[in-house]
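Inside the fold
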Amino acid sequence: MASRIVHLISKFANLKPGHAVRGEVRVTAAARKFRATLCGCWDGARGKQEDSVAYKDLREFMARLEKAGELRRISAEVDPVLEITEITQRVTRAGGPALLFEHPKGSRVPLLINMLGSERRMHLALEIESYEEVAQRIRGFLDMQAPQGLLDKLKMLPKLAELGAFFPKSVKSGPCKEVIRRDGFSLAEFPILQCWPQDAGRFITWPLVITRNPETGKRNVGVYRMQVFDERTTAMHWQTQKHGAEHFRRARAANPQGRVEVAVAIGAEPLTCLAGILPIPPDLDEMMFAGFLRRDPVEMVRCETCELEVPAHAEIVLEGYVNLSELRTEGPFGDHTGFYSLEGQYPVFHVTCVTHRRDPIYLTTVVGPPPQEDFYMGHAVERIFLPVMKMQFPEIVDVALPAEGIFHNLMIVAIRKSYPGQARKIMNAIWSLGQAMFTKVVVVVDHDVNVQDFREVAWKALCAIDPERDVQFVLGPVDTLDHAARRQDFGSKMGIDATRKWPGEGFERPWPDEIVMDQATRERVDGLWKQLGLAKR
Ligand SMILES: Cc1cc2nc3c(=O)[nH]c(=O)nc-3n(C[C@H](O)[C@H](O)[C@H](O)COP(=O)(O)O)c2cc1C
Ligand SMILES: [Mn+2]
């Protein structure tokens, strides 16, 4: 998303504490202290003080969940092959808690699932009461103007210093190094799920896959599932348009017979884990964004057998490489579309070293027919990035991604239309906005339609269209998981202009008013209501 915040953050992403910012402000420890003193007066939501309370690791968050009644321990032995999926399905559907399977069959490592599978747990992870708080913090940064006078500059200082405080911090060691195994390890030790009956095998579903851009050296962290082939190899399912795949292609172009280093972290504090799925621009470090969300830097530690860094507080780390000349059949896999994604050719990840805590916890999730845990992650992404979208496209009032639309199939956008053709402009904007490019159907409605109420959207949007006139098709990249597209990764998308049509758009008929009872009659009937002996209101 090439928007202003992204521009700002990218700019700061190249800075280290101590670097000059715009030649005027130094992001130093002193500035950070200064920020702490000023925190009380800046308008960001709950500016975090020096004594940060961000969760350090997965277990600290689990303790918080347990205290809030949001985590259940299951001591019975349960099979990671299918059974854990079936149990988790039932619990997720019922709005139930995160689950810690203490005795997964065939493994001594406990398994955590459904960690973020509710809005409440997502709020606990973000330490907020509502998404509006994150939105407000983001707006705080977006609203930063070039300072006018000294007072303005002083007011900006805490925010700049705060930005400086988000950079990942390199540390010498960390709990993920409690056990280092260059030999004698096996992926079979971990309770890796086979989620669905027709899955090709076991899949690591929530790995933070870390690579570096071979040209810029910038880090990327993406969640790409990994099918276990044997004790030391897995598939690497980065889809064509994802940043890991781009790193792979660039490295291969330079040296087709070479390899790229890959590190995989499994299980960390929740916002580090969430950061791996965020649709942020290439070369912007997801760990920096995690630092922004936590209001505290993520500590990173160097791998044993490669140059990459991994979150120091991770539960499990797999170090290794991908051969640039090697592909292997991956899938099928029961996917978040609710269907099995087909087999495909993907790179192979070779594990050279495993490091983990003395008593590691294996974090995983299941995808399948919506809604699942990933719906809550997607919803958080929608709410967190809405201010960024609004910044770039000020006519946007609200956006909704209904669960049944599985993120890429349907986006409903409400706009305040102020010139002819603006709904179509927004469709095109969405199709060129980062991973929103995958959106198969965009429905644009007027600002007075509540996009969060899908019945209202269906009613008003269907009333507002002359289909032949208001539907637009385009060709372009589509989600790899779209099994209906004419080809993998390429197909058509549809935009529906469901806004009121204007004379300037060639519509000369009058547009009718929506039916609403007048206030005076409503009040009269309120007064009469008791006498009528009808149902209670
Ligand atoms: C549970 C889960 C599993 C995912 N699995 C994959 C996957 O196998 N391949 C993929 O390309 N994206 C997958 N994604 C989506 C990516 O994590 C997401 O698009 C992310 O932004 C990619 O990072 P990148 O933009 O740095 O490439 C998954 C997301 C979730 C929540
Ligand atoms: Mn990325």
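Refer to the structure presented above.
Scope of this entry: the structure provided in the associated data block. (Residues numbered from 1 in each chain as written. Chains lettered and ligands numbered in written order. Predicted model: local features only at pLDDT ≥ 70, side-chain atom pairs only at ≥ 80, totals over all residues. Heavy atoms only, no water.)

Here's the deal with the sheet that holds strand β21 (residues 396–400)
The sheet built from five strands is open, its strands ordered β21-β22-β23-β25-β24 with mixed pairing. The strands lining the two open edges of the sheet, one partner per strand, are β21 and β24 (471–477). Pairwise comparison of adjacent strand axes, ignoring direction, gives a mean angle of 20° for this sheet. Each of β21 and β22 (410–415) is contacted by helix α11 (residues 373–392), which is oriented at about 150° to β21, the strand it contacts most. (Pairing = 2+ DSSP bridges. Helix = DSSP H or I, 4+ residues; strand = E, 2+ residues; numbered from the N terminus. Axes fitted to C-alpha atoms, helices over the stretch in contact; angles between N-to-C directions. Contact = heavy atoms within 4.5 Å.)

What about the environment of H408?
Here H408 lies in the loop between β21 and β22. Overall, the relative accessible area of 6% leaves H408 in the buried class. Separated by 145 residues in sequence, H408 and A263 place their C-alpha atoms 28 Å apart. Each residue touching H408, except ones within four places of it in the same chain, is listed here: H336, T337, F438, T439, K440 and D479. A distance of 3.4 Å separates polar atoms of two side chains, one belonging to H408 and the other to N409. A distance of 3.2 Å separates a polar atom in the side chain of H408 from a polar atom in the side chain of D479. (Buried < 20%, exposed > 50% of the residue type's maximum accessible area, 1.4 Å probe, protein only. Polar contact = N/O pair within 3.5 Å; in protein donor to acceptor, adjacent residues only side chain to side chain.)

Describing the coordination of the manganese ion (ligand 2)
The manganese ion (ligand 2) binds to the protein through N220 (OD1), H243 (ND1) and E286 (OE); the donor distances cover 2.1 to 2.2 Å. Sequence positions of the donors to the manganese ion (ligand 2) reduce to the motif N-x22-H-x42-E. Highlighted residues: H243 in helix α8 (residues 243–254) and E286 in helix α10 (residues 286–294), separated in sequence by 43 residues. As far as the burial class goes, H243 and E286 line up, both buried. (Donors = N, O, S within 2.8 Å, 3.2 Å for Na, K, Ca; no water.)

Observations concerning the state of the cysteines
Two cysteines whose sulfur atoms are joined by a covalent bond form what is called a disulfide. For the structure on display, the rule yields zero disulfides. C303 provides the cysteine sulfur closest to C176, a residue in no disulfide bond, and the two sulfurs are 7.9 Å apart. (Disulfide = S-S within 2.5 Å.)

Topic: the site of ligand 1
Neighbouring ligand 1 are 20 residues; V223, Y224, H237, H243 and Q435 lie closest to it. Contact between ligand 1 and H237: a nitrogen atom at 2.7 Å from a main-chain N or O atom of the residue. When isolated, ligand 1 has an accessible area of 630 Å², and the protein chains bury 89% of it. Per element, the largest residue contribution to the shell around ligand 1 is four residues, and it comes from strand β10 (residues 219–223). Of the residues belonging to the shell around ligand 1, the class tally is eight nonpolar, nine polar and three charged. (Near = heavy atom within 4 Å. Areas by Shrake-Rupley, 256 points an atom, 1.4 Å probe, with all protein chains shown as cover. Nonpolar A, V, L, I, M, F, W, Y, C, P; charged D, E, K, R; others polar.)

A short note on the pattern of salt bridges
Overall, the coordinates contain 37 salt bridges when judged by the stated rule. Between K56 and E60 there is a salt bridge whose closest N-O contact spans 3.3 Å. Linking K169 and E299 is a salt bridge whose minimum nitrogen-to-oxygen distance equals 3.8 Å. Taken together, the residues K169 in strand β6 (residues 169–171) and E299 in strand β14 (residues 299–302) connect sequence positions 130 residues apart. (Salt bridge = Lys/Arg side-chain N within 4 Å of Asp/Glu carboxyl O.)

Some words on the packing of helix α5 (residues 119–126) against α11
One way to put it is that α5 packs onto α11 with a least axis distance of 10 Å and a crossing angle of 55°. The orientation of α5 with respect to α11, classified from their angle, is oblique. The handedness of the crossing between α5 and α11 comes out as right-handed. Packed against α5, whose contacting residues are E119, M122 and L126, the element α11 presents Y376, M377, H379, A380 and I384 at the interface. Taken together, the residues of the contact of α5 with α11 sort by class into six nonpolar, one polar and one charged. (Parallel < 35°, antiparallel > 145°, perpendicular 65-115°, else oblique. Left-handed = near helix turned anticlockwise from the far one by under 90°.)

Describing the sheet that holds strand β15 (residues 309–311)
Strand order in the open sheet formed by three strands is β6-β14-β15, and the pairing between neighbours is mixed. Two strands in the sheet have a free side with no partner beyond their single neighbour: β6 and β15. Each neighbouring strand pair of the sheet contributes to a mean axis angle of 45°, computed without reference to strand direction. As paired elements, β14 and β15 share three bridges and run antiparallel to each other. Residue pairing in the sheet places M300 in a bridge with P311 of β15.

Re α8
Over its twelve residues, α8 extends 17 Å from the first C-alpha to the last, a length consistent with the 16 Å expected when each residue adds 1.5 Å. Every buried residue of α8 is accounted for by H243, G244, A245, H247, F248 and A251. Its buried side turned inward, α8 meets β9 (207–212), β10, β13 (259–266), α10, β16 (316–330) and β19 (344–356). (Expected span 1.5 Å × (residues − 1).)

Regarding unusual backbone geometry
Omega for the peptide link from G331 to P332 comes to 0°, which places this bond in the cis form. Here P332 is to be found in the loop between β16 and β17 (333–334). A cis amide bond, omega -5°, links P370 with the succeeding residue P371. In this structure, P371 sits in the loop between β20 (362–363) and α11. Although it is not a glycine, D283 adopts a positive phi angle of roughly 70°. Along the chain, D283 turns up in the loop between α9 (270–275) and α10. Given a relative accessible area of 26%, D283 falls into the partly exposed group. Positive phi, normally seen in glycine, also occurs at R295, with a value near 60°. Summarising the element assignment, R295 is placed in the loop between α10 and β14. Using a relative accessible area of 8% as the deciding quantity, one classes R295 as buried.

A short note on the pairing of strand β23 (residues 441–446)
Of all the six residues making up β23, six are buried; the element is thus mostly covered by neighbouring parts of the structure. Here six bridges tie β22 to β23, and the two strands are oriented parallel to one another. Within β23, the residue paired with V413 across the bridge is V444. The β-α-β motif built from β22, the intervening helix α12 (residues 422–430) and the parallel element β23 has right-handed crossover chirality. As paired elements, β23 and strand β25 (residues 490–497) share four bridges and run parallel to each other. Looking at β25, one finds that V443 is bridged to I496. (Right-handed = clockwise from strand over helix to strand, strands pointing away.)

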